Amino acid sequence: MTGTIAEGRDTAAAEERHDVASRLLRSSEELSYDPTRDVDWDTPLDTSFHGTSPEWSTLYGTSYWDEMTEDQRRALTRQEAASVASTGIWFEMILQQMVIRDFYAKDATDPAFQWALTEIADECRHSIMFARGAAKLGAPAYRPKRHVIELGRVFKAAAFGEAAYAAILVAEEVLDVMQRDWMRDERVVPFVRTINNIHVVEESRHMKFAREETRERLEGAGRIRRQINALVVAGAAYHIVTSMWNDRVYANAGLDSARALREAKHNEHHKAMLRSSCAGLMEFLNSCGLLTRPARAFYKRANLI
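Residues numbered from 1 in each chain as written. Predicted model: local features only at pLDDT ≥ 70, side-chain atom pairs only at ≥ 80, totals over all residues. Heavy atoms only, no water.

Asker: In this structure, what is going on with the overall build of the protein chain? I would like to understand it.
Answerer: Within the protein chain, the regular secondary structure consists of 14 helices and zero strands. Element order for the protein chain, N to C, with α for helix and β for strand: α-α-α-α-α-α-α-α-α-α-α-α-α-α. For a compact globule of 305 residues, the expected C-alpha radius of gyration is about 19 Å, and the protein chain comes in at 20 Å, within 12% of that figure. Projected onto its principal axes, the C-alpha positions of the protein chain cover 70 × 45 × 30 Å. Here the protein chain holds 305 residues, and the buried ones make up 53% of them. Contacts spanning at least 24 positions in sequence make up 83% of the contacts within the protein chain whose residues lie at least 6 apart. With the model as given, the accessible surface of the protein chain reaches about 14300 Å², and the carbon-plus-sulfur share is 54%. Positive and negative side-chain charges in the protein chain, numbering 40 and 44 respectively, have mean positions lying 6 Å apart. (Helix = DSSP H or I, 4+ residues; strand = E, 2+ residues; numbered from the N terminus. Rg over C-alpha atoms; globule rule 2.2 N^0.38 Å. Buried < 20%, exposed > 50% of the residue type's maximum accessible area, 1.4 Å probe, protein only. Contact = heavy atoms within 4.5 Å. Areas by Shrake-Rupley, 256 points an atom, 1.4 Å probe, with all protein chains shown as cover. Lys, Arg positive; Asp, Glu negative; His and termini not counted. Charge placed at Lys NZ, Arg CZ, Asp CG, Glu CD.)

Here it is as structure tokens:
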């Protein structure tokens, strides 16, 4: 009897997964973009615009921000937009490798398999779009610190199941909230608003899939497994979020880097923006048993709760 009940649950879960993947595939067919055509790459950069909503700048609300000229503020947000995009590229490359490994040698007729390949194709286009966008903003190739890059190598090779998909969700959710603000903000340079809109629309499908995969992989997971994976996901989240704003953005915007780093570190406004952006994400992780006390310590250090 127990076996029959378990088999029934497995069948229902498989059907739900099939339906979700099929809906995502149809959505992708109906609404997807080609950044090479849909983004205005030809118009020269208009430096009278910001790169992000000013309120999302790491210095907004500080005494340094109050002293800066409007040109300096705009130059800083353009560098910060490029830094966030560069971090996005770094994690999207990790994401692609984890998804490919997860679906290696699985049933290619399964809609979930086909959706996984669709997501990878989206991420490839997004990474190219972010790279071209950062270059147009006049920014260098911002990269995470060396130890974070090496930790990323380990993570992409070892993370699997709910740890992989929950980490994917963390990266996508944090960026999604910021970009929803930026794409509606007329103070942001138009081509960046277009990039943000494309990413928000297409990533909404990726987040749906990541949530479903996280829930499914955790089905029947025991306490120890949840405790371990909660810590893995929180550690990944900490390094992703703290890498978004590269230390070099201040010097590249013509600011006093030492002072800017000092004031950004203690900027309560920016911390509050991050916390508010992650409220829904933390609620989801908690519902999955992935917001344990040790995990909370990492999220607090990253100002996500």
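Next comes the rest of the write-up.
Asker: When you look at the pattern of salt bridges in this model, what are you seeing that I'm missing?
Answerer: Within this structure, the stated rule accounts for 25 salt bridges. The closest approach of N and O atoms between Glu213 and Arg17, which form a salt bridge, is 2.8 Å. You can see Glu213 sitting in helix H8 (residues 190–218) and its partner Arg17 sitting in helix H1 (residues 2–30), a full 196 residues away along the chain. Through salt bridges that share partners, Arg17, Asp102, Lys106, Asp110, Glu213, Glu216 and Arg217 make up one connected network. (Salt bridge = Lys/Arg side-chain N within 4 Å of Asp/Glu carboxyl O.)

Asker: What is the right way to read unusual backbone geometry from this model?
Answerer: Residues apart from glycine generally show negative phi values, whereas peptide bonds are mostly found in trans. Despite not being glycine, Ala105 shows a phi value in the positive range, around 65°. Mapped onto the elements, Ala105 comes out in the loop between helix H4 (70–103) and helix H5 (111–136). Here Ala105 falls in the exposed class, since its relative accessible area comes to 71%. Phi at Asn303 is positive, roughly 60°, even though this residue is not glycine. Turning to its location among the elements, Asn303 is positioned in the segment after helix H14 (293–301).

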